[in-house]
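Reading the structure
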Amino acid sequence: APGTGGAGVGDVNLTPRRLVLGGRQRAGEVVVFNRGNARAVYRLELEDLAMTPQGALETLDKVDPVLRARHRSAKEMLRYSPRRIELAPGASQVVRVLARSAPDEAPGERRSHLVVTGTPTEGAGLDVAEAVAPGSRELRVRIMPVFGISIPIIARTGDLPVQVTVVDPRVTRTDGRATLTAGLRRTGDRSVYGDVEVLF
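Residues numbered from 1 in each chain as written. Predicted model: local features only at pLDDT ≥ 70, side-chain atom pairs only at ≥ 80, totals over all residues. Heavy atoms only, no water.

**Let's talk about the overall build of the protein chain**
The helix and strand inventory of the protein chain stands at two helices and 13 strands. A burial count over the protein chain gives 30% of its 200 residues as buried. As presented, the protein chain carries roughly 13,400 Å² of accessible surface, and 50% of it is formed by carbon and sulfur atoms. (Helix = DSSP H or I, 4+ residues; strand = E, 2+ residues; numbered from the N terminus. Buried < 20%, exposed > 50% of the residue type's maximum accessible area, 1.4 Å probe, protein only. Areas by Shrake-Rupley, 256 points an atom, 1.4 Å probe, with all protein chains shown as cover.)

Written as structure tokens, this is what we have:
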């Protein structure tokens, strides 16, 4: 299943945590790193994922129809290479990503996720002789977990102003503990990300 961007899942890690393409920067790079101790093969695909209000990434068929309708896929705009990578332990590979937009593309933001999935290496499964023990009618099965990790690739066209404000900050105290609650309000036509720093 797709993972959240940036944190390694299984023995693979991606850098950066997100790739934003737009304006003069129409090309970018993603580094795939095998942090495991065995040779690994990875498959690279573009998928359309949406974030639920709870913060989970889901495929579009599993999210609320309102979220699905708001999603604008970048798949048609993106080209990337390679699509399959084999890495030795501790090795890395650069994946090049290019965003192309039509001359009459309306200003806006599109997003898809680059999903990197580990695939079983040759010899990781059971052949027929191993699967059936001599003199037995039982069939042995080996289950191999498949790990994946994803990062968003955001393609922007045109000038997209945005503003984020903190709304209704409140500090409450319960049993001597202080809790801060606040909302973030975004206005504009593009997504935002960043850190919230609280000095208390």
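**As for the packing of aromatic side chains**
Here the structure, examined in full by the defined rule, presents zero aromatic pairs. Across from the ring centre of Tyr193, 3.6 Å away, lies the NZ or CZ of Arg18, which sits over that ring. Here the guanidinium or amino end of Arg83 rests over the ring plane of Tyr80, the centre of that ring lying 4.3 Å away. (Phe/Tyr/Trp six-rings, centres within 6.5 Å; stacked < 30°, edge-to-face > 60°. Lys NZ or Arg CZ within 6 Å of the ring centre and 35° of its normal.)

**Considerations on the pairing of strand E4 (residues 40–47)**
Looking down a regular strand, the side chains alternate between one sheet face and the other. Relative to strand E8 (residues 84–87), E4 runs antiparallel, the two being bridged by four bridges. Within the sheet, the bridge partner assigned to Ala40 lies in E8 and is Leu87. (Pairing = 2+ DSSP bridges.)

**Side note on the nonpolar core**
The biggest cluster of nonpolar side chains holds 25 residues, and the ones touching the most others in it are Val32 and Val97. Among residues more than four places away in sequence, those in contact with Val32 are Val12, Asn13, Leu14, Tyr42, Ile85, Leu87, Ala91, Ser92, Gln93, Val95 and Val116. (Core = buried A, V, L, I, M, F, W, Y, C linked by side-chain atoms within 4.5 Å. Contact = heavy atoms within 4.5 Å.)

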